[in-house]
Amino acid sequence: MRIAITGGTGLVGKALTESLRADGHDLFILTRNQVNGYQKGVTYVKWLSKESDPAGEIEAVDVIINLAGESINGGRWSDERKAQIVNSRINATNEVVSIIKRLKNKPKLLINASGIGFYGTSTVDTFTEATEKAGNDFLAQTVDQWEAATLEARELGVRTVFARFGVILDKKDGALPRIALPYQLFAGGTVGSGDQWLSWIHIKDVVQGLQHVIDSSDLSGPVNFCAPEAVTMKNFGKTLGSVLNRPHWIPAPSFALRLVLGEMSMLVLEGQRVIPEKLLKSGYAFTFPTLQEALQNIYS
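Quick caveat: nothing in here was measured; it's all calculated off a predicted structure. (Residues numbered from 1 in each chain as written. Predicted model: local features only at pLDDT ≥ 70, side-chain atom pairs only at ≥ 80, totals over all residues. Heavy atoms only, no water.)

S.K.: Explain the packing of aromatic side chains here, please?
M.R.: On inspection of all chains with the given rule, the structure shows 5 aromatic pairs. Judged by centre distance (5.3 Å) and plane angle (15 degrees), the ring pair of Y119 and F127 falls under stacked. What links up through ring pairs into an aromatic cluster is the set F118, Y119 and F127. For K82, the ring lying beneath its charged end belongs to F138, and the centroid distance is 5.2 Å. One cation-aromatic arrangement involves R164 over F118; the distance from NZ or CZ to the ring centre is 3.9 Å. (Phe/Tyr/Trp six-rings, centres within 6.5 Å; stacked < 30°, edge-to-face > 60°. Lys NZ or Arg CZ within 6 Å of the ring centre and 35° of its normal.)

Laid out in structure tokens, this is it:
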């Protein structure tokens, strides 16, 4: 297949590019940066600049995967930072839709990155893709706007999927190295109350799940990318400590994290229990369905 990817240099983008290239697909990586070097099967396409014309270079692509957006982990959420998080996602998605409009041959599928933050936070509720109302906090409203920006692609007849990612577990990138560091220093413990849910997914299941979506023509709309087994932060910490052979004993109180991180502290102090109902019903079999299996694989 011919597959275009934006945000191809991020955590998901790099892993997905490597896997799709190994499977023999022709990839077009849309980027604002100059890329040196050559990879067989990969073409780098300039976008988001006045002189670029990506539509002219990716004609006849079968799939577009939009992963572009400012990291939510890049620093304290000032008003300026929050505006960057929102605008980077909306602007990139608007540009993807604009490219689709200009293509003579429309892609069969648009996968737009999204997040389980859509559902808001809760210690008691369980969320599936059937939950239609977005939460009220910053992340929920960001995701709601982000997904709304793709709706025009659906009106153009393109199958559109919102890949609502949970916390992606990878040894070198994302949230896990930061969570694991205190344990590696023998200072790990429960974060906040410990009762908040963490809906997580191994990076390998992210990549394989996206490939499953490409192959499953009946999947559309929101699709939750998280393992079937959500865990509380207390159990996550205990499992991580066990896998790393480190103690789980020094708690990180909520008030201290809020003082240090501000509103960004919601990423670790609040959460949601999310079930990947659509992936499971469509026949996707998780490689790492349990946290123990996932962490053992990552740290083996």
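Further notes follow.
S.K.: Sorry if this is basic, but what is going on with the nonpolar core here?
M.R.: Most often, soluble globular proteins have nonpolar side chains that are buried together. Core analysis: the largest hydrophobic core is formed by 40 residues, its most contacted members being I65, I111, F165, L210 and F225. Counting residues per element, this core draws most heavily on helix α7 (residues 203-215), at 6 residues. With residues up to four places along the chain from it excluded, the contact list for F225 reads A163, R164, F165, G166, I201, V206, G209, L210, V213 and L279. Membership of the second largest hydrophobic core comes to 22 residues, among which are V231, L269, A294 and I298. (Core = buried A, V, L, I, M, F, W, Y, C linked by side-chain atoms within 4.5 Å. Buried < 20%, exposed > 50% of the residue type's maximum accessible area, 1.4 Å probe, protein only. Helix = DSSP H or I, 4+ residues; strand = E, 2+ residues; numbered from the N terminus. Contact = heavy atoms within 4.5 Å.)

S.K.: Sorry if this is basic, but what is going on with unusual backbone geometry here?
M.R.: Glycine aside, the phi torsion of most residues is negative, and most peptide linkages are trans. Phi at A60 takes a positive value of approximately 70 degrees, unusual for a residue other than glycine. Along the polypeptide, A60 turns up in the loop between α2 (54-57) and β4 (63-66). A residue is classified by how much of its surface remains accessible, and A60, at 35% relative accessible area, is partly exposed. Within the chain, F186 stands out as a residue other than glycine whose phi angle is a positive 60 degrees. Tracing the backbone shows F186 in the loop between α6 (176-184) and β9 (197-198).

S.K.: Please explain the pairing of strand β1 (residues 2-6) as it appears in this structure.
M.R.: Sheet faces and side chains relate simply in a regular strand, where the side chains alternate between the two faces. The buried fraction of β1 amounts to 4 of the 5 residues, a majority that puts the element mostly inside the structure. With respect to chirality, the unit in which β1 leads through helix α1 (residues 11-22) into the neighbouring parallel strand β2 (residues 26-31) is right-handed. In this structure, β1 lies alongside β4, joined through 4 bridges in parallel fashion. Directly across from I5, in β4, lies its bridge partner I65. (Right-handed = clockwise from strand over helix to strand, strands pointing away. Pairing = 2+ DSSP bridges.)

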